Amino acid sequence: MRAPAPPYRGEGPHALWHVSEEPAIARFAPHRAKTASTDELLVWAVDTRHLPLFWYPRDCPRCTFWAGPRTTDADAGRFLGGRRERAVHVIEDRWLERLRDARLYLYRMPEASFIQSSEVAGYWTSREEMEPLERLSVDDLIGRHAVAGTLLRTESNLWPLWDSVIASTLEFSGIRLRNSVPRPQPGAS
Amino acid sequence: MVEGPQVALDGAPRPEFGAILEQAREGVIDYRLDAPKHEFLSYLVHMRGQLLHGTASPELDEVRPMPATDYEVRTLEAVFATSDGIWPLFFATLDRARAGSLWNGCYHLRRGSVLHRYYFFFTEADPHDDTIWRDGVVYVLPREPFARTWIPNEWVSAEPVRAQARLAVSPSDFPFKHRVKQYDPRLSLMGNLRRFSR
């Protein structure tokens, strides 16, 4: 199982959230997510600890990583500057303006029917239809990362870094990477 | 956060900035250019690799370690410096005894060769009270012997650092003076951030 992400400043209490750019979701019905590895119909949520992974426009590709128990000091030094308590998020620089201007809606979900993923800490699923308990609107996503202590960076192309991260001893999550620009061609400048 | 002027990292040379640094007598920069001082300070950071330290103390030959409390309420005794041209103006132009605790941050994100700079600034006291502002100095420091902290654009040295030059500044040189907000202890960190961004 992927180790949980580190705590962040201003984290708040544990809760389960569905993050969306849609401002008026009244009811969540189980569905087959495009990116899921299962055909099961589910409602998906993320817990408070892992919310920063979703402080992005929905389709923004991002490469995120942090230290876990098996992470070596060499990898912590190379990728995290030795700061095991921090998460690093990297996006393509072409997404910077959209990140700056995005507004998201956080739907707090009733927790009773959810179970945590056995593979990925922080991801929760339910087979039941449900109504959210409340909806929060958030913007200034760059500011949220700054306050949280996320080490947010930009790259023109995520793939060289991503290939190094997944070959390392870090914990990682790549989201919407299918939307990223293609890998640089060998020999291209 | 508020976005500052973008910096073109491959921009045209600014020989006038280099000249006034070279002409500094006994380290005192006689700034008479029309360009805002934060442009000059940004040039020092991004084109010459210097670090900056803002303080009210006007005549330091060397900047000595001082105790400071970070976000996790840990006290660290060090010389603090920044690799940003606007952030030190906040520290240089505040009367710390009157302004109370400060909560602030600076984030740099690159798009190609353009640097985007984002900031937030809070004071414990009312920032509309002019008595919390005062004239100050930004000290120009070498990167050696500083090391980065986990806070973006913050650097620390456990040893005193000899200043290479110093620039007198006033509250009017700080471009975000009118964007500073009073920290509301009833709100969460994120709640205060939302107030700043509105």
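Bear in mind that the values here come from a model prediction, so they are computed numbers and not experimental data.

Once that is clear, we can look at the overall build of chain A. In terms of helices and strands, chain A carries four helices and 10 strands. Order of helices (α) and strands (β) in chain A, N terminus to C terminus: β-β-β-α-β-α-β-β-β-β-α-β-α-β. At 17 Å, chain A has a C-alpha radius of gyration in line with the 16 Å of a compact globule built from 189 residues. Counting only C-alpha atoms, chain A reaches 50 × 35 × 35 Å along its principal axes. Per-residue burial for chain A yields a buried fraction of 34% across its 189 residues. Excluding contacts between residues fewer than 6 apart, the proportion of contacts in chain A whose partners are at least 24 apart in sequence is 80%.

What follows covers the pairing of strand 1 (residues 16-20) of chain A. Two strands pair when backbone bridges link them, and strand 1 of chain A and strand 2 (residues 43-47) of chain A are joined in this way by two bridges, in the antiparallel orientation. Residue leucine 16 of chain A lies in a different strand from strand 2 of chain A, and its bridge partner there is aspartate 47 of chain A.

Strands sit in the order 6-7-2-1-5-8 (chain A) across an open sheet of six strands; the sheet is antiparallel. Across the chains shown, the open sheet's two edge strands, defined by having one partner strand only, are strand 6 (115-116) and strand 8 (134-138) of chain A.

Another aspect to go through is the confidence of the model for chain B. Overall, the prediction assigns chain B a mean pLDDT of 94, with 98% of residues at 70 or greater. Both scores are available for the predicted complex, with the pTM at 0.91 and the ipTM at 0.87.

Right, let's get into helix 5 (residues 189-197) of chain B. An α-helix turns once every 3.6 residues. As a result, residues three or four positions apart point the same way. Taken together, the buried positions of helix 5 of chain B are Asn192, Leu193 and Phe196 of chain B. For helix 5 of chain B, the angular spread of the buried residues around the axis is 105°, confining them to a single face. Of the surrounding secondary structure, the elements contacted by the buried residues of helix 5 of chain B are helix 3 (141-148) of chain A together with strand 8 (114-123) and strand 14 (181-182) of chain B.

Quick look at helix 3 of chain A now. Residues and elements named next belong to chain A. Most of helix 3 is tucked away: eight of the eight residues are buried. For helix 3, the full list of buried residues reads Leu141, Ile142, Gly143, Arg144, His145, Ala146, Val147 and Ala148. Immediately downstream of helix 3, the backbone of glycine 149 shows phi near 90°, a positive value.

This next bit is on unusual backbone geometry. All names here are of chain B. Residues glutamate 144 and proline 145 are joined by a peptide bond in cis, for which omega reads 15°. Note that proline 145 resides in the loop between strand 9 (136-141) and strand 10 (147-148). Even without being a glycine, glutamate 26 presents a positive backbone phi close to 50°. A positive phi angle, near 70°, is found at asparagine 153, a position not held by glycine.

About the thresholds
- Residues numbered from 1 in each chain as written.
- Chains lettered and ligands numbered in written order.
- Predicted model: local features only at pLDDT ≥ 70, side-chain atom pairs only at ≥ 80, totals over all residues.
- Helix = DSSP H or I, 4+ residues; strand = E, 2+ residues; numbered from the N terminus.
- Rg over C-alpha atoms; globule rule 2.2 N^0.38 Å.
- Buried ≥ 20, exposed ≤ 12 C-beta atoms within 10 Å, placed from the backbone.
- Contact = placed C-beta atoms within 7 Å.
- Pairing = 2+ DSSP bridges.
- pLDDT = per-residue confidence, 0-100.
- Arc of directions from axis to C-beta.

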